[in-house]
Amino acid sequence: MGKRKAWSPTLQACLAIGAMGVVLLPVFLSQTPWPTVARDYLMQYGQDESGARNLVSAIYLGYRAFDTLGETIVLLVAVIGTMGLLSRVESLVNTVGDDDNTIQTVSAFSLRGDKRSSHVLRTHLLEVVTGKIGPIVLLFGFYVMLYGHLSPGGGFQGGVIIASGIVFLALGNQQDNTSALSKSSILGGIESVSFLLFIIVAMSGIFFGKGFFGNPLADSAYPVGFIVLLNSIIGLKVGASIGFMCIAMMGGHD
Amino acid sequence: MVERALLLCLLLIGFWGVVAKKNIIKKIFGLNILNAAAVMLFILEGNRIGSEAPILESGLAQVVDPIPQALMLTAIVIGVCVTALALALAVHLYQITGSFDIETIRERIQDET
C-alpha cells in the first residue's frame, strides 16, 4: 500500500462514471443514418433463400448460422463451468446459521419430505401455482420453438420458456414425486445429445453439396424444414442447459 | 433522442453498479443492467429505418433492420451465460469466505495466506 492518501471511493466512482459518460455520449447520441441495404436485400430475397418468413430466424439459422454454433458452444462452456463450480459447493445449509426466521439458502429447496415443506419460502401458493402452470409453460415453449420461422420466437426464446417450465415442474411437486425433467443426468443427456445433433445437422449440407451449414433442402419444396429442425434442436439444448443450471442453483444437483 | 439519453443513463447505472457497489451480487446485477442497455441500444438503432416487425407478410413496407435483432439474440444468451457463471463464482466465494462483500472477502483471503 502506498503512502499517498487514497481518494474516497465515491469520488473515484463518480470520476469513472463521468469518464465513461464522456466516452459513450457520442455513441449514444450519434445521428448517423442507419444503412438500409441489408434490410432491403433481406426483404427481397430472405424468404426465398431460407424459407423462413421471420427474417431474424433466417439470419441466425441461415446466413449467420456460424454465430449460432459459437453461441451454443458458449452456452455449453458456461454450463460446464457453472456445474464445475457448484459441484464443489456441497451444502450451503451447514454454513448458514439455523435460525428459522432467516431465509436460509435456496439450497433448502431441494430437501425431501417434511423438511422441504417446512421451508419458509415453500408456500402452498408456490407449489400449487408452479405445479399447475408448469406443463402449460412447457407446451407454450414448444409452440414458440416450433413456430419460430413464422412468428416471433425461435429456438433460443422457446428454449428459455421450456427452461422455465422445467424449473416450474421442479418447484411444484407437492407429493415429493420428482419428474425426470429435474434430474441432472437426463437434462445433461438432452443437452449433449442435442449438441451432437446440431453438429450432425450442420454437416448434413456437405453431403448435398451445399457446404457446412448449407441447407440440404434448399432445392426442395420446403426449404424451411432445415430451419425448423435447427430451431427445435437449439430449443431443446437451450431449455435443457438453462433448466439444468437453474436446478443446480436451487440445490437440486445430485 | 430522449430514449437514447435514458439508455445512456441506464448503461451508466449498470457501470456504477459494477464499479461502486461492494456486494458481489449487486455487481453482477450491474453487469446485467449494462448488458440490457447495450442490447436495447442496438434494437433502437435497427428500429430507426422502419416500424414493422421483420416478419414478412404482404403489404409490409418498412420493416425494422433484422440484423441487430439477430445479433442481440446472441448477446442476450451470452449475457445469461456470463451471469450464471458469475453467480456460481459468487456462491463459491461465499462458501470459502462467508461473505459477499468484496472488502471482507479480500481481508479473509489475506488472513489465510
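Residues numbered from 1 in each chain as written. Chains lettered and ligands numbered in written order. Predicted model: local features only at pLDDT ≥ 70, side-chain atom pairs only at ≥ 80, totals over all residues. Heavy atoms only, no water.

Brief notes about the overall build of chain B
Then, number 1: Helix and strand content of chain B: 4 helices and 0 strands.
Then, number 2: Mapped in sequence order, the helices and strands of chain B form the string α-α-α-α.
Then, number 3: Counting the 113 residues in chain B, one finds 40% classified as buried.
Then, number 4: Sequence separation of 24 or more characterises 48% of the internal contacts of chain B that already satisfy a separation of 6 or more. (Helix = DSSP H or I, 4+ residues; strand = E, 2+ residues; numbered from the N terminus. Buried < 20%, exposed > 50% of the residue type's maximum accessible area, 1.4 Å probe, protein only. Contact = heavy atoms within 4.5 Å.)

Section: the packing of aromatic side chains
Residues and elements named next belong to chain A.
Then, number 1: Across all of its chains, the model carries 9 aromatic pairs over all chains by this definition.
Then, number 2: Ring plane angle 50° and centroid distance 5.7 Å describe the contact between Tyr-60 and Phe-156, whose orientation is recorded as tilted. Here Tyr-60, found in helix H3 (residues 55-63), pairs with Phe-156, found in helix H7 (residues 155-171); they are 96 residues apart in sequence, far enough to count as distant.
Then, number 3: Clustering of aromatic rings is evident, with ring pairs tying together Phe-66, Phe-198, Phe-212 and Phe-213. (Phe/Tyr/Trp six-rings, centres within 6.5 Å; stacked < 30°, edge-to-face > 60°.)

Overview of the confidence of the model for chain A
Then, number 1: Counting all residues, the mean pLDDT for chain A is 80, and 81% of those residues have values of 70 or more.
Then, number 2: Low pLDDT (under 50) marks residues 92-108 of chain A, which in the prediction has 26 contacts with non-local residues, meaning those over four places away or in another chain. (pLDDT = per-residue confidence, 0-100.)

As for the interface of chain A and chain B
Then, number 1: Taken together, the contact pairs 54 residues of chain A with 48 residues of chain B.
Then, number 2: For the pair chain A and chain B, the two sides together bury roughly 4400 Å², of which 77% comes from carbon and sulfur.
Then, number 3: The largest contributions to the chain A side of the interface with chain B come from Phe-28, Trp-34 and Arg-39 of chain A, which together make up 20% of the buried area.
Then, number 4: Run the count over chain A and chain B and you get 0 salt bridges.
Then, number 5: The interface formed by chain A and chain B contains 10 residue pairs in polar contact (both at pLDDT 80 or more).
Then, number 6: Looking at the side of chain A that touches chain B, the elements with two or more residues in it are helix H1 (9-29), helix H2 (37-50), H3, helix H4 (65-86), H7 and helix H9 (225-249) of chain A.
Then, number 7: The element that contributes the greatest number of residues to the side of chain A that touches chain B is H1 of chain A, accounting for 11 residues. (Buried area = accessible area lost by both parts, 1.4 Å probe. Salt bridge = Lys/Arg side-chain N within 4 Å of Asp/Glu carboxyl O. Polar contact = N/O pair within 3.5 Å; in protein donor to acceptor, adjacent residues only side chain to side chain.)

Description of the pattern of salt bridges
Then, number 1: What the rule picks out here adds up to 7 salt bridges over all chains.
Then, number 2: For Asp-67 of chain A, the salt bridge is made with Arg-64 of chain A, and the minimal N-O distance between the two is 3.2 Å.
Then, number 3: Residue class for Asp-67 of chain A comes out partly exposed when judged on its relative accessible area of 27%.
Then, number 4: On the basis of relative accessible area, Arg-64 of chain A is assigned to the partly exposed category, the value being 38%.
Then, number 5: Among the salt bridges present, the one from Glu-45 of chain B reaches Arg-48 of chain B, with a minimum N-O distance of 2.9 Å.

Some remarks on helix H3 (residues 66-97) of chain B
Residues and elements named next belong to chain B.
Then, number 1: Its 32 residues place the ends of H3 46 Å apart at the C-alpha level, agreeing with the 46 Å of an ideal helix rising 1.5 Å per residue.
Then, number 2: Capping the start of H3, Asp-65 holds a side-chain oxygen 3.3 Å from the backbone nitrogen of Ile-67, two or three residues further along.
Then, number 3: Once H3 finishes, Gly-98 follows within two positions and takes phi at roughly 75°, a positive value. (Expected span 1.5 Å × (residues − 1).)

So, the packing of H7 of chain A against H9 of chain A
All names here are of chain A.
Then, number 1: Between H7 and H9, the shortest axis-to-axis distance is 7 Å and the interhelical angle comes to 40°. Of the possible angle classes, the one that applies to H7 and H9 is oblique. The interaxial crossing formed by H7 with H9 has right-handed handedness. In this structure, H7 contributes Gly-155, Phe-156, Gly-159, Val-160, Ile-162, Ala-163, Ile-166, Val-167 and Ala-170 to the contact, and H9 contributes Asn-231, Ile-234, Gly-235, Val-238, Gly-239, Ile-242, Gly-243, Cys-246 and Ile-247.
Then, number 2: Across the contact of H7 with H9, the residue classes break down as 12 nonpolar, 6 polar and no charged. (Axes fitted to C-alpha atoms, helices over the stretch in contact; angles between N-to-C directions. Parallel < 35°, antiparallel > 145°, perpendicular 65-115°, else oblique. Left-handed = near helix turned anticlockwise from the far one by under 90°. Nonpolar A, V, L, I, M, F, W, Y, C, P; charged D, E, K, R; others polar.)

Here's the deal with the nonpolar core
Then, number 1: Of all hydrophobic cores here, the largest spans 51 residues; its most connected members are Tyr-60, Phe-156 and Phe-198 of chain A.
Then, number 2: Those elements that provide at least two residues to this core are H3, H4, helix H6 (124-146), H7, helix H8 (184-207) and H9 of chain A together with H3 of chain B.
Then, number 3: Of all the elements, H9 of chain A adds the most residues to this core, at 12 residues.
Then, number 4: Non-local contacts of Phe-156 of chain A, meaning those with residues more than four positions away in its chain, are made with Tyr-60, Thr-68, Glu-71, Ile-234 and Val-238 of chain A together with Leu-73 and Val-77 of chain B.
Then, number 5: Leu-24 of chain A together with Leu-7, Leu-8 and Leu-11 of chain B belong to the second largest nonpolar core, which has 12 residues in total. (Core = buried A, V, L, I, M, F, W, Y, C linked by side-chain atoms within 4.5 Å.)

Regarding H2 of chain A
Residue and element names in this part refer to chain A.
Then, number 1: With 14 residues, H2 extends 18 Å from end C-alpha to end C-alpha; this agrees with the ideal 20 Å at 1.5 Å per step.
Then, number 2: Taken residue by residue, H2 has Arg-39, Leu-42, Gly-46 and Ser-50 as its buried positions.
Then, number 3: At the C-terminal side of H2, Gly-51 shows a positive phi close to 90°.

Re the packing of H4 of chain A against H8 of chain A
Residues and elements named next belong to chain A.
Then, number 1: One way to put it is that H4 packs onto H8 with a least axis distance of 12 Å and a crossing angle of 160°. By the angle between their axes, H4 is roughly antiparallel relative to H8. Classified by chirality, the crossing of H8 by H4 is left-handed. Where H4 approaches H8, its residues Thr-68, Leu-69, Thr-72, Ile-73, Leu-76 and Val-79 are matched on the opposing element by Glu-191, Phe-195, Phe-198 and Ile-199.

A word on the side chain of Lys-237 of chain A
Then, number 1: Along the chain, the position of Lys-237 of chain A falls in helix H9.
Then, number 2: With sequence-adjacent residues up to four places away left out, Lys-237 of chain A is seen in contact with Thr-72, Leu-76, Glu-191, Ser-194 and Phe-195 of chain A.

A short note on the environment of Ile-13 of chain B
Then, number 1: Along the chain, Ile-13 of chain B falls in helix H1 (residues 2-20).
Then, number 2: Spatially, the C-alpha atoms of Ile-13 of chain B and Gly-30 of chain B are 7.3 Å apart, while their sequence positions differ by 17 residues.

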